[in-house]
Amino acid sequence: MHMQNLILASSSPRRKELLENLQLSFTTVSSDVDESYDLSWKPDQIVMELSHRKAMSVSEKNPNAFVIGSDTVVVVDQTILGKPQNREEAFKMLKKLSGRMHSVYTGVSIIAPTEVRNFFEKTDVVFWELSDEEIIQYLDTGEPFDKAGAYGIQGFGSLLVKQITGDYFAVVGLPVSRTFRELKKTGYSV
C-alpha cells in the first residue's frame, strides 16, 4: 500500500498541535490566499469558502495528497470579528465580548484525490464580565493578536471563558473529531 500523504494547509501552531495529538503523520504547508470575502456572506459561508481556498492552494501543487484547510471567525451581534489589527482594536473586541455569549465558526475543507468535503462547526462561548484592567492584563500577555476575536481559548484566554457549548477544539481552530471522521470518509486510511 502506498503511503497516503496528509497535508495541513495552515501555519497555525494550534491547528498543527491538535492534529499531532492524533498521532497522524502529516506535513504543514502554509497557504497564502486572499482572505477577503463578500460582506453579505453568512459566517458559515465565510469559513467554508476561506478554508476551501486555503486547501485548494495547497492541493493544486499536491494533487495526490489529502489536504485539510481550516478557517475560524468569531461572531457577536451579527458582527464578524477577525484578527485584531492592533492593541486598540483587540481591546474593543474583548470589551464587546465581555459578559456575553458569542459564536465561533470554524470551517474545514478536506480535498482528497477523489472528492472534496466542506463543513463547519459552530460553538457558543460565554465570557465573564471583564474589567478594563483584566482586558489590559490579557493584552499584555501578547496572546490576542494573531487570533480571531482577539483571544485564544487554550492559553491565558481560558481565564475569560465562563461557559462553552459545542466543540472546544473548534474554538482552538480545528474540530478534530469531525475532521477525522470526514477524512476517513474520503478514503484516508489510518
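We now turn to the structure provided with this report. Bear in mind the structure is a predicted one, so any value in this text is a computation, not a measurement. (Residues numbered from 1 in each chain as written. Predicted model: local features only at pLDDT ≥ 70, side-chain atom pairs only at ≥ 80, totals over all residues. Heavy atoms only, no water.)

Below, the discussion takes up the pattern of salt bridges. Per the stated rule, a full pass over the model turns up 15 salt bridges. Residues R178 and E121 are paired through a salt bridge, measuring 2.8 Å at the closest nitrogen-oxygen approach. One end of the pair, R178, is in helix 6 (residues 176-185); the other, E121, is in strand 6 (residues 116-127), with 57 residues separating them in the sequence. Put simply, E115, R117, E121, R178, E182 and K185 are held in one network by salt bridges that share partners. (Salt bridge = Lys/Arg side-chain N within 4 Å of Asp/Glu carboxyl O. Helix = DSSP H or I, 4+ residues; strand = E, 2+ residues; numbered from the N terminus.)

Here the focus is helix 6. Turning to helix 6, its buried residues are V176, T179, E182 and L183. Taken around the axis of helix 6, the buried residues stretch over an arc of 130°, which confines them to a single face. On its buried side, helix 6 packs onto strand 1 (6-8), helix 1 (13-20), strand 3 (66-76), strand 5 (101-111), strand 6 and helix 5 (168-172). Looking one or two residues past helix 6, G187 carries a phi angle of roughly 100°, positive in sign. (Buried < 20%, exposed > 50% of the residue type's maximum accessible area, 1.4 Å probe, protein only. Arc of directions from axis to C-beta. Contact = heavy atoms within 4.5 Å.)

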